[in-house]
Amino acid sequence: MCTDVKISELLTEVEYFSEDEYSYAFMIDGLGRVLMHPLLPNAAVVKSTEDPGGMGKKTLTKFLTKPHGKLVNDGSRDVSLTAYFYWGSIPQSNLSLCVVLVDESYSEIDESQFQLSDADLPNVFMYHNRSLLKDSFSDCKFYSRRVTSDRSSVKFSQSAFQNPFQYLDRDETAEDVTNYGNYLTRQKLTNPGFKSAIRSAVWATYAAEQYWKSHPVRFVSWRHIGTKDKNLSWSFIAETS
């Protein structure tokens with residue numbers, strides 16, 4: 001049997017894994033040789049005639065590497081976490097795909113870096129789609145959009161969620177946004193599906209908002225922040241002077 005297929009297409013469904021996650025995927029052939037892995041260069045051409053293995057799952061305690069920075073000289077450390085392995089053969093090929101899922105993510109931003117008071121916490125999050133919930137913020141108009149200068153707004157991409165299709169395959173409701181807010185402001189402990197690093201990222205943008213409000217500048221009407229892993233975008237409308 002011979003099959004020509006782009007290897008990149010075989011990993012389309014797991015491309016949401018980003019550099020701040022412990023979860024990853026790798027591919028093996030019928031002999032168990034690793035063909036694609038985050039720590040290996042991508043293979044240009046693969047020839048394999050052996051039959052692939054079956055499918056299954058297993059839970060293991062695994063040491064995973066957490067880098068201290070972006071450079072090799074920054075070093076790293078190993079952490080022991082529970083990992084969930086799921087594998088199966090790819091139809092009409094001699095290859096198998098294994099996805100390793102870890103519930104935790106790591107981030108250069110930690111919640112302990114932000115000393116938020118009880119008065120601050122209710123103000124750290126306002127969802128970008130204000131039509132889903134009522135609020136008492138004053139409205140203004142920005143290029144035909146209903147906006148407010150009272151609070152910054154937050155928008156998530158599918159990469160912010162442990163299950164990206166939770167965001168892509170359904171319309172968000174007022175209940176969803178309420179659950180987002182309860183978790184991000186620590187009113188409730190239940191995580192509505194975010195990756196573990198999202199709350200610290202939201203808190204970081206709140207700190208940026210407070211700095212900008214205390215350092216006004218002239219002729220600025222819009223400020224925008226996007227996290228490097230594309231999990232979060234944040235906007236702040238500033239009054240011009």
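Residues numbered from 1 in each chain as written. Predicted model: local features only at pLDDT ≥ 70, side-chain atom pairs only at ≥ 80, totals over all residues. Heavy atoms only, no water.

1. Side note on the pairing of strand 5 (residues 95-101)
This is how the line gets drawn: For every residue, the accessible area obtained with a 1.4 Å probe (protein chains only) is divided by the maximum for its type, and the residue is called buried under 20%, exposed over 50%, and partly exposed between those limits. Helix numbering and strand numbering both begin at the N terminus, where a helix is a DSSP run of H or I of at least 4 residues and a strand a DSSP run of E of at least 2. By the convention used here, strands pair only if DSSP detects at least 2 bridges between them.
With six of its seven residues buried, strand 5 lies for the most part within the structure. Where strand 1 (residues 24-29) and strand 5 come together, six bridges link them in antiparallel fashion. Across the sheet, residue A25 finds its bridge partner in strand 5, namely V99. Pairing analysis gives six bridges linking strand 4 (residues 76-89) to strand 5, with the strands arranged antiparallel.

2. Quick word on the confidence of the model for the protein chain
Put simply, the test is: What pLDDT reports is the predictor's confidence in each residue, on a scale of 0 through 100.
Mean pLDDT for the protein chain: 76, with 72% of residues reaching 70 or above. The least confident element of the protein chain is helix 1 (residues 7-10), whose mean pLDDT is 60; the most confident is helix 3 (residues 174-184), at 94.

3. Section: the nonpolar core
What counts, and what does not: By nonpolar core we mean a set of buried residues, namely Ala, Val, Leu, Ile, Met, Phe, Trp, Tyr and Cys, connected to one another through side-chain atoms within 4.5 Å. In this analysis, two residues are considered to be in contact whenever any of their non-hydrogen atoms come within 4.5 Å of each other.
Of all hydrophobic cores here, the largest spans 20 residues; its most connected members are F125, F156, L184 and F194. For this core, the elements supplying multiple residues, two or more each, are strand 8 (153-156), helix 3 and helix 4 (198-214). Among the elements that make up this core, the one with the highest residue count is helix 4 (five residues). When sequence neighbours within four positions are dropped, the list of residues in contact with L184 reads V124, F125, F156, F194, I198, R199, V202 and W203. With eleven residues, the next largest nonpolar core counts L64, V79, L81 and F85 among its residues.

4. Quick notes on the pattern of salt bridges
Convention followed: Put simply, a salt bridge is a Lys or Arg side-chain nitrogen that is within 4 Å of an Asp or Glu carboxyl oxygen.
Under the defined criterion, the tally for this structure stands at five salt bridges. For D176, the salt bridge is made with R170, and the minimal N-O distance between the two is 3.1 Å. What makes D176 buried here is its relative accessible area of 12%. For R170, a relative accessible area of 40% puts it in the partly exposed group. The closest approach of N and O atoms between K213 and E209, which form a salt bridge, is 3.0 Å. Placement of the pair is K213 and E209 together in helix 4, with a separation of four residues, close to one helical turn. On the accessibility criterion, E209 (1% relative accessible area) is buried. One network of salt bridges, in which partners are shared, links R130, D135 and D139.

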